[in-house]
Amino acid sequence: PQSCGSVCFSGKGEKNPSTFRDGNLMAQLLAGAPVAKKLEERVKTLLAQMERPPRLSLWYNSSFPEVASYVRSKKAKAEKLLIPVEEVDIAGCQNASEALELFQKTLASDKPDGVMVERPLGLGIQPEDVYEMLPPELDVEGLHPYHLGKLLAGKPEIIPPTPAAVMEILDYYHIPLEGKRAVIVGRSLIVGRPLFLLLLARHCTPTLCHTRTKNLEEITRSAEILIVAVGSPHFLKGDWISPDCVVVDVGINYVEGKLVGDVDAETVGPKAAYLTPVPGGVGPVTSLFALFQFVQACTRRTASPHTLSR
């Protein structure tokens, strides 16, 4: 299969994914673990070619417990690959100016090779405030205006990891894209809008919807490929999809301490042809893709393919 862009990895995929059975659920499971494993192997190959591993800086606010949890998970995955990680926690800052000054000092003194920004940051800081202060080459997540512009122009260099992960999963399991009707529910800058462009580049016919779209159920029933990213637990019901639809659940929600998606798997499972689980679907691929893209970008910008000189 083709990849979703110049930075995406496409390996040999699974032709017969496991059946997702939980009670009456019959959809075929598009598990993220084997896709993430392929990306991990690619990261190791790239790191073996480098004089030293690149340094990653994680910017976040630990005042948000879920953010602190995500950072711990990302740091563990990076360090497993022997990628050194620096944490810049703004929980102790009193206001936005103090936090942004801390970020600026990190860029000047520590000179990281790449930066990941975990949202939300709080203190009234908007993500664009941070990305616009970053040199484009340090943006690991493709949310700098430069990278978004390249994606819009059809010449992506750094792609937001979550939509890229969706494309990696579809490719890995040989889900046909060309000519297919795809519906995306969720218009965020980190998922919905970039995913629209990635699908369009692969000759899909995408429709971008959101929670205020009129006749949303009618539109989702028209989809052959349906991606849901609205941040609302069990939002998509089984009677909102057509039989044999491919459903990708990007949602991350906690209900009574349990991680659940935006798709109501109990009703969607018996009707869909394929379904990504939550947990274990898009999430594991997203974090590994971000690391893969980070390391790949570092190798591209060095004078020699075997040296990282910062």
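Computed from a predicted structure; not experimentally measured. (Residues numbered from 1 in each chain as written. Predicted model: local features only at pLDDT ≥ 70, side-chain atom pairs only at ≥ 80, totals over all residues. Heavy atoms only, no water.)

(A) Highlighting the packing of aromatic side chains. Enumeration according to the criterion identifies four aromatic pairs in this entry. Each ring, one from Tyr-172 and one from Tyr-173, has its centre 5.0 Å from the other, and the planes form 80 degrees; the classification is edge-to-face. For Tyr-173, a relative accessible area of 5% gives the class buried. Relative to Phe-292, the ring of Phe-289 lies with its centre 5.9 Å away and its plane at 70 degrees, an arrangement referred to as edge-to-face. Here Phe-289 pairs with Phe-292, and both are found in helix α10 (residues 282-300), just three residues apart, close to one helical turn. Both residues of the pair, Phe-289 and Phe-292, belong to the buried class. (Phe/Tyr/Trp six-rings, centres within 6.5 Å; stacked < 30°, edge-to-face > 60°. Buried < 20%, exposed > 50% of the residue type's maximum accessible area, 1.4 Å probe, protein only. Helix = DSSP H or I, 4+ residues; strand = E, 2+ residues; numbered from the N terminus.)

(B) Looking closely at the sheet that holds strand β4 (residues 114-117). Taking strand neighbours across the sheet as the criterion, the three strands line up as β3-β2-β4 in an open arrangement whose pairing is parallel. Edge positions in the sheet fall to β3 (85-89) and β4, since each has one partner strand and no second. In this sheet, neighbouring strand axes are inclined to one another by 20 degrees on average, regardless of whether the strands run parallel or antiparallel. Looking at chain direction, strand β2 (residues 56-60) and β4 are connected through four bridges and run parallel. The residue bridging Leu-58 from the neighbouring strand is Met-116, located in β4. Sheet strands in contact with helix α3 (residues 96-109) are β2, β3 and β4, and its direction is about 155 degrees off that of β3. (Pairing = 2+ DSSP bridges. Axes fitted to C-alpha atoms, helices over the stretch in contact; angles between N-to-C directions. Contact = heavy atoms within 4.5 Å.)

(C) Region of interest: the environment of Asp-171. Tracing the sequence through the fold places Asp-171 in helix α6 (residues 161-172). Along the chain, Asp-171 and Val-35 lie 136 residues apart, while their C-alpha atoms are 9.5 Å from each other.

(D) Expanded view of the environment of Gln-28. On the secondary structure map, Gln-28 appears in strand β1 (residues 28-29). Judged by its relative accessible area of 23%, Gln-28 falls in the partly exposed class. Considering only alpha carbons, one finds Gln-28 and Tyr-274, 246 residues apart in sequence, at a separation of 4.5 Å.

(E) Summary view of α10. Relative to the 27 Å expected for 19 residues at 1.5 Å per residue, α10 spans 26 Å between its end C-alpha atoms, a close match to the ideal helical length. Within α10, 16 of the 19 residues are buried, leaving the element largely enclosed by the surrounding structure. (Expected span 1.5 Å × (residues − 1).)

(F) View of the side chain of Asp-171. Given the relative accessible area of 3%, Asp-171 is considered buried. Among the polar contacts listed, one links the side chain of Asp-171 to the side chain of Arg-202, at a separation of 3.0 Å. (Polar contact = N/O pair within 3.5 Å; in protein donor to acceptor, adjacent residues only side chain to side chain.)

(G) Fine view of the sheet that holds strand β7 (residues 225-228). Here we have six strands laid out as an open sheet, ordered β1-β11-β8-β7-β5-β6, and parallel in their pairing. Pairing within the sheet leaves two strands with one partner each, and these edge strands are β1 and β6 (205-209). Of the pairings in the sheet, the one linking β7 to strand β8 (residues 246-249) comprises four bridges and is parallel in character. Bridging from a neighbouring strand, Ile-225 pairs with Val-246 of β8. Across the sheet, helix α7 (residues 192-201) touches β5 (181-185), β6 and β7, and the angle it forms with β6 is around 170 degrees.

(H) Looking closely at the pattern of salt bridges. Taken as a whole, this structure holds 11 salt bridges when the rule is applied. A salt bridge links Lys-44 to Glu-40; its shortest N-O distance comes to 3.4 Å. Here Lys-44 pairs with Glu-40, and both are found in helix α1 (residues 33-48), just four residues apart, close to one helical turn. When the shortest N-O distance is used, the salt bridge between Asp-113 and Arg-52 registers 3.1 Å. Note that Asp-113 is positioned in the loop between α3 and β4 and Arg-52 in the loop between α1 and β2, a separation of 61 residues in sequence. (Salt bridge = Lys/Arg side-chain N within 4 Å of Asp/Glu carboxyl O.)

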